[in-house]
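Each chain, written out:
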Amino acid sequence: MLSISVKEFLYWKKKQLSKGGDHRSFAVLLNCIGGISNSELNLLRINPERKLYLKKNLEQLEFIWDNHLLNSSPIQYLCGVSFWRDLKLKVTDKVLIPRPETELIIDIVFKIFGKQSQKLIFAELGTGSGAISIALALAYPLWDGIATDIDQNALDIATENYLNCCKETNLKFYCGHWWTPFESLKGKIDLVISNPPYIPKDTYEKLPKEVKNFEPKIALLGGEDGLKHIREIIQKAPLFLKEKGWLIIENHFDQGEKVKQLFIKSKFNSVEIVNDLSGVGRFTIGRYK
Ligand SMILES: C[S@@+](CC[C@H](N)C(=O)[O-])C[C@H]1O[C@@H](n2cnc3c(N)ncnc32)[C@H](O)[C@@H]1O
């Protein structure tokens, strides 16, 4: 641990932020590498005369911050960590950095099932870092979950995150293309969640470089119109869902209406577009018959 005066630290912090970047990313750096939590950071100004203890010296922190600013590399990849809901997850460039808007999927599940629920089977298609499934496995220890991905590297990270976050054993991981790992669960799944790759090809080409140059293409690109994977997931869902089972899909900001029609075409009921916190129709949900 290195000791430094709060005054000196605040001066240094101001200088770093004046070079660019945002407060949220800087807080991730301080938390993960510097060892200063957000709550500690918020309290610093109250007593500027006291001492602060850092896990790494200011030069080491500055080196990472400069790299982030210069190369547009996401701070989460540089620190190897992403905070999502109340989870601290390992991330590398093999997995998508879980987004704040996706956090709402867990609240949608709470709304449908309540916070206490009997035993049931849930599945997540395309788990990436494991964020969604791990949050559900923790919230519902009686549920049995299966999380899949096409990429074994992503599954290795998701598994590591699960073992770090959770003492439960109610989540299993399988590798495979969308529904293929679920052959033995036809008609047996109560809830399916997916945040599949949904960016249309043209939009993908124009993504900011901190996304396009660093995050896995396979996690983002949804074919020509962005709906390639969503279409496949919805069309096959009736084979695997139990009667009255739920499907929750995250989609691109302008795909809600089209995704709703795909649900209806596949004979789902109670189909609804759910807004994210910025009022965008980010999720489509429905119940199979
Ligand atoms: C948008 S990311 C979502 C990751 C994570 N669930 C989240 O919300 O942060 C989509 C995930 O789907 C996976 N994926 C892409 N194509 C797939 C396929 N054909 N079958 C299964 N998973 C696939 C990607 O590897 C990636 O992890």
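Residues numbered from 1 in each chain as written. Predicted model: local features only at pLDDT ≥ 70, side-chain atom pairs only at ≥ 80, totals over all residues.

With that settled, consider the site of the ligand. Close contacts around the ligand come from 22 residues, with G126, G128, I150, N195 and A219 the closest. Considered class by class, the residues forming the shell around the ligand number 12 nonpolar, 8 polar and 2 charged. (Near = placed C-beta within 6 Å. Nonpolar A, V, L, I, M, F, W, Y, C, P; charged D, E, K, R; others polar.)

Turning our eyes to something else, we now look at the sheet that holds strand 6 (residues 144-149). Strand order in this open sheet of 7 strands is 7-6-5-8-9-11-10, and the pairing throughout is mixed. A strand with exactly one partner marks an edge of an open sheet, and here the two such strands are strand 7 (171-175) and strand 10 (268-275). Each strand axis lies, on average, 15 degrees off the axis of its neighbour in the sheet, ignoring direction. Here helix 11 (residues 228-240) sits on the sheet and contacts strand 5 (121-125), strand 8 (189-194), strand 9 (241-250) and strand 11 (281-288); the angle it forms with strand 9, its principal contact strand, is near 165 degrees. In the packing of helix 12 (residues 256-265) onto the sheet, the strands contacted are strand 9, strand 10 and strand 11, and the crossing angle to strand 10 comes to about 165 degrees. (Pairing = 2+ DSSP bridges. Helix = DSSP H or I, 4+ residues; strand = E, 2+ residues; numbered from the N terminus. Axes fitted to C-alpha atoms, helices over the stretch in contact; angles between N-to-C directions. Contact = placed C-beta atoms within 7 Å.)

Attention now moves to unusual backbone geometry. Leaving glycine aside, a negative phi is the common case for residues, and trans is the common case for peptide bonds. Phi at K267 takes a positive value of approximately 70 degrees, unusual for a residue other than glycine. In the Ramachandran plot, S270 falls in the positive-phi region, its phi being about 50 degrees despite a non-glycine side chain. The topology assignment puts S270 in strand 10.

Extensive coverage of strand 9 is indicated by the burial of 7 of its 10 residues. Relative to strand 9, strand 8 runs parallel, the two sharing 5 bridges. Among the inter-strand pairings, I189 is bridged to a residue of strand 9, identified as L241. Relative to strand 11, strand 9 runs antiparallel, the two sharing 5 bridges. Its bridge partner lying in strand 11, E250 is registered against F283. (Buried ≥ 20, exposed ≤ 12 C-beta atoms within 10 Å, placed from the backbone.)

A few words now on the environment of I108. Residue placement: I108 occurs in helix 6 (residues 104-113). Taking the C-alpha atoms as reference, I108 lies 9.3 Å from F283; in sequence the two are 175 residues apart.

All right, on to the nonpolar core then. Residues L136, V192, I230, A237, L247 and I248 are the most contacted members of the largest nonpolar core, which totals 56 residues. Here this core gets 6 residues from one element, more than from any other, and that element is helix 7 (residues 131-139). Excluding its chain neighbours within four sequence positions, the residues that come into contact with V192 are A123, L125, A237, L241 and L247. Of all hydrophobic cores here, the second largest spans 10 residues; its members include C32, I33, W65 and I75. (Core = buried A, V, L, I, M, F, W, Y, C linked by C-beta atoms within 7 Å.)

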